[in-house]
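A look at the structure
Residues per chain are reported as follows:
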Amino acid sequence: DVPFSGMKLKPHTHLKKSEVLEQVKKMGFASDYHPQQKDFEKYPLEDILLIFEPSRAYGEKIVWCTTEDAYNREMERLNARRQAVLDEFDRENRGEAAEEEAMQDEPDENVVVRDVPKECREWKSETAEATHEEVQNFTVQNGRPLLQIMITRTRGQFGKSTKLSDSGENINNCRPQKDHNFAPPKRELEIGIQAVKETRTCSCQTTWFRPINKSTQYTPSDFLQRGADLGYDKVDELSAFLSNVSVGVEEALQTNETVDIFQEEFAHLGEEEAGAITKTHSKLKEHPNFHDVTYTKGKRIEWVEWVPNSSDMVVSSCCENMPFTERLENSGKATVSTVLVWSFADSLSPHAVLESPWEVTVFKFYPSDPTYLIGGLGNGQIAVWKLSPTDLGLTTGKSQSSRPGLEEEKHSTIPTVVHRQISMIDESHRKAVVAIEFMPATLEIERRGRGASEKNPHDAPIKYFLTVAGDGQVMIWDFQAMLDAINDNDFLWRPVVRVQLQRQDSGTEMGLCHILHCHDRFDEKGTKLLTNFYASTEEGELILGDWAARGEEDRKADVVKKMYSSCKTFRPMLSLERSPFFPDILLGVTDWAFYLFKDGLSEHLFMSSYTSTYYTRGVWSPTRPSVIFLGLVSGGIDIWDFSDQSHKASLSDTGASVAITSMMFCYHGEIREGQKLAVGDAQGHLHIQNIPKNLIKPGGREKENMRKFLDREEKRVRYFQERQQELKDLKDQLEKQAQMATDGQEKEKDKTECLDKEDAIAEAAYQKLEAEVKEQLGPG
């Protein structure tokens, strides 16, 4: 039988210690007694007492005695209860037996039965009045007289045969009609209000030029006196001049006759100062997208960058759309991946192709020399390409300019660039590189990564950059050392600083997704912190770290200084961007929502409402402080304008037909006159969206209003933090008072018990003394 099961539960049961240990030995962790195995082994007795405790006084419904004292105490209590039940049962049996004996001792009586008719009386009920009141409450009383309706029918229709059917073709609709008999009464109130502004009488006078009738007369010979010396000998010179300027004049005349059918007639008129988003003038206009069957078919655009100092050249990397199982099978095989350079002049074929031994998951141009491209590979290595100005479309080759007839040859031959340097695979990341961040040019890292200082000038070339990957490592690379040995085939490129991030609770690796270096961050003493960085994790958290943290003898270095776990979604954070207008504000985008963080706060500053369509990317507007562009898995783009509303997107538009995988604004050229947004999708198409003017031009006080909004949200967060701390302190204080009261009662109880014990000892001594005195005195 299974204890404590069935309809009638036993209050307790007994088990054998040897049987329980034997069952645990046979079944292992599948046994119900396995969690308590060590306690059973320490138990001194053979008999184990299990007690069913439905009130959960000890935290569980089924408890057992772990010590011999507890076993004896509970057995005494159970035996006492059992004896009380037996005594009660005996008393009841004795009472029934006594009644039966008394009935047997009574003499038999003569019973006479008479058949008397019943007397009918009036029925009386004690609950009649209450029933009448209840029925009266549920009875609906008519508040107005009943309506009388008379229905008539012509005599000719009496007895006429009628055919009825359930067809729904001829359905008569009964339209609602207004009944004037039940129109609510209306009252009219005549009142007048007039607001009169203060008036002031003033006058001014301007100079008056009165018209005067006047006339002027001239002779034609007056204008020919200056050129009177021109003769027929100047005709050749005039002909040469007209021949030289005729081409330019003809081109100017043709340009004036040409009409731009795509020009907006009202584009250069006055615009509203507020810059609010309206759906009629906020549609994104797409440039012809870039797609190549050879390089991008069946792939996704993983990363997009604009060529520096160019607004019509864009670079994108392509990765295979393979599930995890296929990617795992092909993980050890050598492949060739490409990074494509696109030109607006030709959207059907790339301008140049950069070949890579692995998929390029992220890349960036070297800011000090845009001809170098740094890319993070899928196997964790760092590769560097050297591009020429012709590859980047900044200049045109001599062969193309001098031989314009070979247009087909130009399109058929696409230049291919191979990487110049690659890092050591043993010294690189163990997973795909997901982010690259350049450090300031003034920064110089000390030996062995013990710290950093600002020793270099501001106009010096950038020396170091950061990389992160899913293996939880933060690496710092020396790019200048690589440039010095770029032609050395024996050069081994390895990071100068390597930091492993681990979780403090479990000690496992903390996978990273993005990283931002803190350029202007100071401590409480005003010292500039040069080694701090923000990073996002694969579980949606935001951390503040210090790569120069030092460990002690008994523990490791505490690299993670602060963790924002309020945005934890157990999914990777998709974007981490710093606001171009507020350096202390960060944008973090997850699948469900996006967050705004501020440096110095322990919680997020703002959290958007959850969306029905997952987010994939997010970027700040380069010219409007309050506008954020968010890519969706459906291919749409949500535009949030905090100067308009903050509870939902102000505008939604289409960026692609499938899921958006990458987004990047062009920060070169006149971005206040025209902006371009590069959008990559999951099918290998690179879309260029032209941003409308009301999403480019900021309002008159938009930055100030956005700062007020952020300050208001910061006050709200700090208020809730202070309120939570006050409630926590109040709870601790109440618990402390309750504990002190409990301790006082226990002390009073102990004091009373001590006094009773002393009285009992004194009473025993007195009784002993009394017995000795009586014994000495003897009888009598």
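Refer to the structure presented above.
Residues numbered from 1 in each chain as written. Predicted model: local features only at pLDDT ≥ 70, side-chain atom pairs only at ≥ 80, totals over all residues. Heavy atoms only, no water.

Between the first and last C-alpha of helix H5 (residues 235-257) there are 31 Å, a value that for 23 residues agrees with the 33 Å anticipated at 1.5 Å per step. Val245 marks where H5 bends most, by close to 40°. (Helix = DSSP H or I, 4+ residues; strand = E, 2+ residues; numbered from the N terminus. Expected span 1.5 Å × (residues − 1). Bend = angle between axes of the 7 residues up to and from the residue.)

Okay, the pattern of salt bridges next. If you walk through the whole model with that rule in mind, you get 26 salt bridges. Measuring nitrogen to oxygen at the nearest pair gives 2.5 Å for the salt bridge that ties Lys598 to Glu714. Separated by 116 residues along the polypeptide, Lys598 in strand S26 (residues 594-598) and Glu714 in helix H10 (residues 702-777) bring together distant segments of the chain. Residues Lys598 and Glu714 agree in their burial class; the two are buried. Linking Glu713 and Arg716 is a salt bridge whose minimum nitrogen-to-oxygen distance equals 2.9 Å. One end of the pair is Glu713 and the other is Arg716, both in helix H10 and three residues apart, which spans about a single turn. Classification of Arg716 as partly exposed rests on a relative accessible area of 37%. In this structure, a network of salt bridges that share partners links the residues Arg73, Glu74 and Arg77. (Salt bridge = Lys/Arg side-chain N within 4 Å of Asp/Glu carboxyl O. Buried < 20%, exposed > 50% of the residue type's maximum accessible area, 1.4 Å probe, protein only.)

Glancing now at unusual backbone geometry. Although it is not a glycine, Arg56 adopts a positive phi angle of roughly 55°. Along the chain, the position of Arg56 falls in the loop between strand S2 (47-52) and strand S3 (62-64). Backbone geometry at Asn309 places phi at a positive 60°, although glycine is not the residue there. Its location among the elements puts Asn309 in the loop between strand S5 (299-306) and strand S6 (313-320).

It is worth spelling out the sheet that holds strand S25 (residues 585-589) at this point. Strand order in the open sheet formed by four strands is S24-S25-S26-S27, with antiparallel pairing between adjacent strands. The outermost strands of the open sheet, each flanked by one partner alone, are strand S24 (575-578) and strand S27 (606-607). Strand direction decides the pairing type here: S24 and S25, joined by four bridges, are antiparallel. The residue of S25 that forms the bridge with Ser575 is Val589. In this fold H10 packs onto S25, S26 and S27, with an angle of close to 85° to the strand it touches most, S26. (Pairing = 2+ DSSP bridges. Contact = heavy atoms within 4.5 Å. Axes fitted to C-alpha atoms, helices over the stretch in contact; angles between N-to-C directions.)

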